[in-house]
Amino acid sequence: SQQGEEDPQALSIQEGENATMNCSYKTSINNLQWYRQNSGRGLVHLILIRSNEREKHSGRLRVTLDTSKKSSSLLITASRAADTASYFCATDLLTGRRALTFGSGTRLQVQP
Amino acid sequence: DTEVTQTPKHLVMGMTNKKSLKCEQHMGHRAMYWYKQKAKKPPELMFVYSYEKLSINESVPSRFSPECPNSSLLNLHLHALQPEDSALYLCASSQDGGGPDTQYFGPGTRLTVL
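No experiment lies behind these values; they were computed from the predicted model shown.

Help me get a handle on the state of the cysteines, residues and values and all.
Summed over all chains, the structure comprises 2 disulfides over all chains. Residue pairing for Cys23 of chain A: its cysteine sulfur links by disulfide to Cys89 of chain A, the two sulfurs lying 2.0 Å apart. In this structure the cystine formed by Cys23 of chain A and Cys89 of chain A twists about its S-S bond by roughly 70°; its chirality is therefore right-handed. Pair noted here: Cys23 of chain A is in strand 3 (residues 19-24) and Cys89 of chain A is in strand 9 (residues 85-93), with a separation of 66 residues, a long-range link. Neither residue differs from the other here; Cys23 of chain A and Cys89 of chain A are each classed as buried. Linked covalently through their sulfurs, Cys23 of chain B and Cys91 of chain B form a disulfide whose S-S length is 1.8 Å. In this structure, the disulfide formed by Cys23 of chain B and Cys91 of chain B twists by about -70° around the S-S bond and is classed as left-handed. Taken as a pair, Cys23 of chain B in strand 3 (residues 18-25) and Cys91 of chain B in strand 9 (residues 87-94) lie far apart in primary sequence, 68 residues in all. In this model Cys68 of chain B remains outside any disulfide bridge; the closest cysteine sulfur is found in Cys23 of chain B, 9.3 Å from its own.

Would you mind going over the sheet that holds strand 3 of chain A in detail, with residue names and values included?
All names here are of chain A. If you walk across this open sheet you meet the 5 strands as 1-3-8-7-6, and the pairing is antiparallel. Both outer strands of the open sheet, strand 1 (5-7) and strand 6 (55-58), are each paired with one neighbouring strand and no more. With direction set aside, neighbouring strand axes in the sheet form an average angle of 15°. Note: strand 1 against strand 3, 3 bridges, orientation antiparallel. Note that in strand 3 the partner of Asp7 across the bridge is Asn22.

Tell me about the interface of chain A and chain B, and please be specific about residues and values.
Listed as interface residues are 21 residues of chain A and, on the opposing side, 24 residues of chain B. Between chain A and chain B, the buried area comes to about 1,700 Å², and carbon and sulfur atoms account for 53% of it. At the junction of chain A and chain B, the tally comes to 0 salt bridges. Applying the counting criterion to the chain A and chain B interface returns 2 residue pairs in polar contact (both at pLDDT 80 or more). Looking at the side of chain A that touches chain B, the elements that each hand over two or more residues are strand 4 (29-37), strand 5 (43-50) and strand 10 (100-102) of chain A. Residue composition of the side of chain A that touches chain B, by class: 7 nonpolar, 9 polar and 5 charged.

I'd like a rundown of the pattern of salt bridges, residues and numbers included.
One pass over the structure, following the stated rule, counts 6 salt bridges over all chains. Notably, a salt bridge pairs Glu53 of chain A with Lys56 of chain A, separated by 3.9 Å at the nearest N-O pair. Taking relative accessible area as the criterion, Lys56 of chain A reaches 28% and is therefore assigned partly exposed. Between Arg62 of chain A and Glu55 of chain A there is a salt bridge, with the nearest N and O atoms lying 3.1 Å from each other. When its relative accessible area of 30% is taken as the criterion, Arg62 of chain A is described as partly exposed. Residue Glu55 of chain A is classed as partly exposed on the basis of its relative accessible area, which comes to 39%. When salt bridges with common partners are traced through the structure, they connect Lys36, Arg63 and Asp85 of chain B into a single cluster.

How would you sum up the packing of aromatic side chains? Please name residues and give values.
Tallied over the entire structure, the rule returns 8 aromatic pairs over all chains. Measuring from ring centre to ring centre gives 6.1 Å for Phe102 of chain A and Phe105 of chain B, while their planes differ by 75°; the resulting arrangement is edge-to-face. Within this pair, whereas Phe102 of chain A is found in strand 10, its partner Phe105 of chain B is found in strand 10 (residues 104-105), the two belonging to separate chains. Judged on exposure class, the residue Phe102 of chain A and its partner Phe105 of chain B are both buried. Through pairs of rings, three or more aromatic residues link up here, namely Tyr35, Phe88 and Phe102 of chain A together with Tyr33, Tyr35 and Phe105 of chain B.

Go over the pairing of strand 9 of chain B, please, and point to the residues and values.
All names here are of chain B. For strand 9, the buried fraction is high: 8 of the 8 residues fall into the buried class. Relative to strand 9, strand 4 (residues 31-37) is paired through 7 bridges, and the arrangement is antiparallel. By the bridge assignment, Trp34 is partnered in strand 9 with Cys91. Taken together, the 3 bridges between strand 9 and strand 11 (residues 109-113) define a ladder with antiparallel strand orientation. In the sheet register, Leu88 faces strand 11, and the bridge partner there is Arg110. Pairing analysis gives 2 bridges linking strand 9 to strand 10, with the strands arranged antiparallel. Bridge pairing in strand 10 places Ser93 opposite Tyr104.

What counts and how
- Residues numbered from 1 in each chain as written.
- Chains lettered and ligands numbered in written order.
- Predicted model: local features only at pLDDT ≥ 70, side-chain atom pairs only at ≥ 80, totals over all residues.
- Heavy atoms only, no water.
- Disulfide = S-S within 2.5 Å.
- Helix = DSSP H or I, 4+ residues; strand = E, 2+ residues; numbered from the N terminus.
- Buried < 20%, exposed > 50% of the residue type's maximum accessible area, 1.4 Å probe, protein only.
- Pairing = 2+ DSSP bridges.
- Axes fitted to C-alpha atoms, helices over the stretch in contact; angles between N-to-C directions.
- Contact = heavy atoms within 4.5 Å.
- Buried area = accessible area lost by both parts, 1.4 Å probe.
- Salt bridge = Lys/Arg side-chain N within 4 Å of Asp/Glu carboxyl O.
- Polar contact = N/O pair within 3.5 Å; in protein donor to acceptor, adjacent residues only side chain to side chain.
- Nonpolar A, V, L, I, M, F, W, Y, C, P; charged D, E, K, R; others polar.
- Phe/Tyr/Trp six-rings, centres within 6.5 Å; stacked < 30°, edge-to-face > 60°.

What follows is the structure, given as C-alpha cells:
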C-alpha cells in the first residue's frame with residue numbers, strides 16, 4: 001500500500017528556477033529517501049535523511065524532514081532541463097521490514 | 001561497479017508462454033528486490049530476498065515465481081500471465097547491513113503481455 005503522497009503531482013518550471021516537491025507519510029520511519037526516475041528508466045537514489053535529521057544538502061538538492069508533521073520536502077535549486085524527471089520519496093518504516101514504500105511521485109518538467 | 005543489470009530490456013509474451021527476467025549485481029549486496037511499475041505510478045514492491053532467502057512476498061500471484069540462485073543473481077519466472085501484468089519490472093539491490101539501506105535500481109524490463 002502507498003505510504004506517501006506527493007504534492008504537486010506535476011510541476012512545470014523554467015530553467016534556472018527552483019523546484020519544490022513535498023511528501024507526506026503516515027507512519028513512523030527510520031529514514032526517508034528521494035529518488036529520481038527518467039522516463040521509463042530505473043530509479044536513481046538522490047539523498048537519504050534519517051529520522052533524527054532535519055535538513056540535508058547535496059549539491060543543488062536540499063531536503064527537509066519534519067517528523068512531527070510526517071512530511072518532507074525536496075528543493076532543487078537553479079534547475080536545468082536535465083532535471084526533467086519524476087521524483088519519488090520513499091520511506092523506510094520503523095517496522096524492521098527492510099523494504100521501501102514509495103510515494104505517488106512528482107513529474108517535473110524543466111523548460112529550456 | 002555500482003551497476004545493476006537487467007535482461008531483457010523488452011519482452012513481449014503471450015498468455016501461455018513461460019519466460020524469465022534476470023537481474024545481476026556485483027556490489028556484494030545481500031538484499032535484492034523485484035518491483036512492478038505501471039505507467040505514471042510509483043514502483044510497487046513484489047518480493048525481497050535477504051541473504052538469498054525470500055523475506056517478503058507482497059501477496060504476489062503465483063504466476064510470478066522469484067528465484068535467487070546466488071547472492072549476485074535474481075530471477076523472476078513468468079507463467080500464464082495476464083494482459084494487466086504488462087508493466088516495467090524493476091530489480092534493485094542494497095547492502096542489507098542493518099543500517100539505512102540505499103537501493104540501487106536496474107534499468108528495468110518492459111514487459112508486454114498479449
